[in-house]
Amino acid sequence: MLEFLLRMEAVNFSVFFDDTSDVSTIRGGGLLLLDAPNALDSIAGLTKVYTGASTALFRFFAENSAAAEVMRDLAENKLHEGPRVGATIMVDVTQLPDENSFKAARDRLVALNRWRQLQTPALVYPETNDTGGIDELDDKRPGVETYMAAPREADQAHGRPMVLSQTTLARRKYGIEKKHHFYDGRRWDHPSASTEFPFHPGQYVANLEEMAEYEDAAPRDLNGKLAYIYLDGNKFGSVARACETADEAGRWSDCVQSNQDSFLNWLLRVRAGAGPQTPWHWSGTSQVNVGGEVPKDRAFRIETLLWGGDEIVLVVPAWCGWWVLGSFFANYGRLPWKLGGDPPRTHFIAGNSYKL
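All of these numbers come straight from a predicted model, not from anything done at the bench.

A. A look at the packing of aromatic side chains. Counting across every chain of the model gives 14 aromatic pairs. Sitting over the ring of Phe16, Arg171 keeps its end group 5.4 Å from the ring centre.

Below you can see the structure in the form of structure tokens.
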């Protein structure tokens with residue numbers, strides 16, 4: 001039996017992530033790509049080496065190159081099932097002769113992914129429909145009336161059915177359903193974690209108005225405004241490419257992701273304060289698009305649109321922007337890890353030669 005590496009990478013984000021301004025759809029597209037490697041868990045024989053926001057590396061054994069291509073086809077089909085049918089995810093395999101060849105094999109896979117991407121059209125022409133409707137969130141794809149309710153107006157009992165394409169419907173539905181699951185997945189109780197305010201039970205603002213509006217915002221002209229925070233690791237890709245073995249690459253991936261998850265766990269433990277509504281939290285009655293109202297007590301004002309790998313996109317109230325950004329740099333690499341109780345890491349563990 002021969003050993004092989006399999007690398008997947010999501011590409012062409014403009015047709016799956018950046019094609020709409022609807023927050024739930026953007027969140028859904030981002031989470032679908034973040035969760036994509038988990039779709040391969042059901043394939044026997046694949047062992048995960050590391051995962052990132054849009055990439056993942058696996059190893060497996062096969063009798064020959066032809067059998068390895070069968071595994072590649074199986075993984076590619078699996079990654080494009082269900083709500084990810086509109087995504088563009090590259091999958092390639094190459095043989096791993098021995099551990100000393102890991103870096104060269106991984107570099108070859110990156111080149112193969114790029115070559116496959118160059119041969120993959122970014123524009124896919126979907127089937128037409130009989131209604132002539134156009135997806136009202138991306139203004140491009142053919143759409144049909146769906147059960148998905150649009151945000152309701154103040155004088156409406158519930159939102160009207162939206163005209164969406166199947167791709168947008170799947171992303172928006174996933175973004176709404178998985179929002180709480182994403183935050184719950186970053187929860188853990190560590191002895192040194194703050195006990196002033198336990199991890200939030202799952203209440204988050206439902207729309208951008210609840211996030212942005214605060215009459216006592218300081219400065220006052222930030223009321224109703226948002227802060228869009230984009231974080232990109234400093235040469236993290238260079239560190240990843242320098243990893244000589246699969247074990248080292250896996251430890252690097254855990255180092256980056258665990259530090260990020262630790263920060264989000266910390267951020268969702270910040271004490272709300274004595275009042276029912278404070279800058280970081282919102283309390284009130286939230287209207288549900290399908291009808292009815294839901295009371296919320298100290299719901300967090302945060303949207304996470306991109307997470308994992310070396311890139312993060314957070315949306316928070318404008319008056320919290322500098323506080324969130326400063327808290328990230330003050331805490332990243334200095335918080336307890338979820339994995340194995342490891343100590344905080346401000347440098348990569350390979351010789352501690354690179355500061356995060």
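So, next bit.
B. Representation of unusual backbone geometry. With an omega dihedral of -5 degrees, the bond running from Ala218 to Pro219 counts as a cis peptide bond. Positive phi is not limited to glycine here, since Asn12 has a value of about 55 degrees. When you line up the elements, Asn12 lands in the loop between strand 1 (2-11) and helix 1 (23-34). Its relative accessible area of 17% is what places Asn12 among the buried residues. At Arg298, a residue that is not glycine, the phi angle is positive and equals roughly 55 degrees. Tracing the chain through its elements places Arg298 in strand 9 (residues 293-300).

C. Highlighting the packing of helix 8 (residues 246-267) against helix 9 (residues 321-331). Two elements in contact, helix 8 and helix 9, have axes separated by 10 Å at closest approach and are oriented at 130 degrees. The pairing of helix 8 with helix 9 is recorded here as oblique in orientation. Remark: the crossing between helix 8 and helix 9 carries right-handed chirality. For the pair formed by helix 8 and helix 9, the contact residues are Phe263, Trp266 and Leu267 on the first element and Trp323, Val324, Ser327, Phe328 and Asn331 on the second. Per-class residue counts for the contact of helix 8 with helix 9 are six nonpolar, two polar and no charged.

D. Highlighting the pattern of salt bridges. Counted by the stated rule, this structure contains 22 salt bridges. A salt bridge links Asp19 to Arg171, with the nearest nitrogen and oxygen atoms 2.9 Å apart. With Asp19 in the loop between strand 1 and helix 1 and Arg171 in helix 4 (residues 166-177), the pair connects residues that are 152 residues apart, well separated along the chain. Here Glu69 ties to Arg72 by a salt bridge, and the two come within 3.5 Å at their closest N and O atoms. Here the residue Glu69 and the residue Arg72 both occupy positions in helix 2 (residues 65-79), the gap between them amounting to three residues, near one helical turn. Salt bridges sharing partners connect three or more residues here, namely Asp19, Asp138, Arg141 and Arg171.

E. Spotlight on the packing of helix 1 against helix 4. Interaxial distance between helix 1 and helix 4 falls to 7 Å at its minimum, and their mutual angle equals 85 degrees. One element, helix 1, and the other, helix 4, form an angle in the roughly perpendicular class. Residue-level contacts link Ser24, Thr25, Arg27, Gly28, Gly29, Leu31 and Leu32 of helix 1 to Thr168, Arg171, Arg172, Tyr174, Gly175 and Ile176 of helix 4. Classifying every residue of the contact of helix 1 with helix 4 by side-chain character gives four nonpolar, six polar and three charged.

F. Just the nonpolar core, in detail. Within the largest apolar cluster, 71 residues are counted, with the highest numbers of intra-cluster contacts made by Leu6, Met8, Phe60, Leu79, Leu264, Trp280 and Ile302. Of the residues forming this core, the biggest block, eight residues, is contributed by helix 8. Dropping the residues within four chain positions of it, Trp280 is found in contact with Leu267, Val270, Ala299, Phe300, Arg301, Ile302, Val316, Pro317, Cys320, Trp323 and Val324.

G. Up close: the sheet that holds strand 10 (residues 303-306). Strand order across the open sheet formed by three strands is 7-11-10, with antiparallel pairing between neighbours. In this open sheet, the two strands that pair with only one neighbour each are strand 7 (226-232) and strand 10. Taken pair by pair, the neighbouring strands of this sheet meet at an average axis angle of 20 degrees, ignoring direction. As paired strands, strand 10 and strand 11 (residues 311-317) are joined by three bridges and run antiparallel to one another. By the bridge assignment for strand 11, Thr304 is matched with Leu314.

H. Summary view of the environment of Ala87. Considering the arrangement of structural elements, one finds Ala87 in the loop between helix 2 and strand 4 (88-95). Looking at Ala87, the relative accessible area reads 9%, which means it is buried. The spacing of Ala87 and Phe13 is 74 residues in sequence and 8.1 Å in space, taken between C-alpha atoms. When neighbours within four sequence positions are excluded, Ala87 is seen to be in contact with Phe16, Leu33 and His80.

I. Here's a closer look at the pairing of strand 4. Of all eight residues in strand 4, seven are buried; the element is thus mostly enclosed. In the sheet, strand 1 pairs with strand 4 via eight bridges, with the strands oriented antiparallel. Note that in strand 4 the partner of Leu5 across the bridge is Thr94.

Scoring rules and cut-offs
Residues numbered from 1 in each chain as written. Predicted model: local features only at pLDDT ≥ 70, side-chain atom pairs only at ≥ 80, totals over all residues. Heavy atoms only, no water. Phe/Tyr/Trp six-rings, centres within 6.5 Å; stacked < 30°, edge-to-face > 60°. Lys NZ or Arg CZ within 6 Å of the ring centre and 35° of its normal. Helix = DSSP H or I, 4+ residues; strand = E, 2+ residues; numbered from the N terminus. Buried < 20%, exposed > 50% of the residue type's maximum accessible area, 1.4 Å probe, protein only. Axes fitted to C-alpha atoms, helices over the stretch in contact; angles between N-to-C directions. Parallel < 35°, antiparallel > 145°, perpendicular 65-115°, else oblique. Left-handed = near helix turned anticlockwise from the far one by under 90°. Contact = heavy atoms within 4.5 Å. Nonpolar A, V, L, I, M, F, W, Y, C, P; charged D, E, K, R; others polar. Salt bridge = Lys/Arg side-chain N within 4 Å of Asp/Glu carboxyl O. Core = buried A, V, L, I, M, F, W, Y, C linked by side-chain atoms within 4.5 Å. Pairing = 2+ DSSP bridges.

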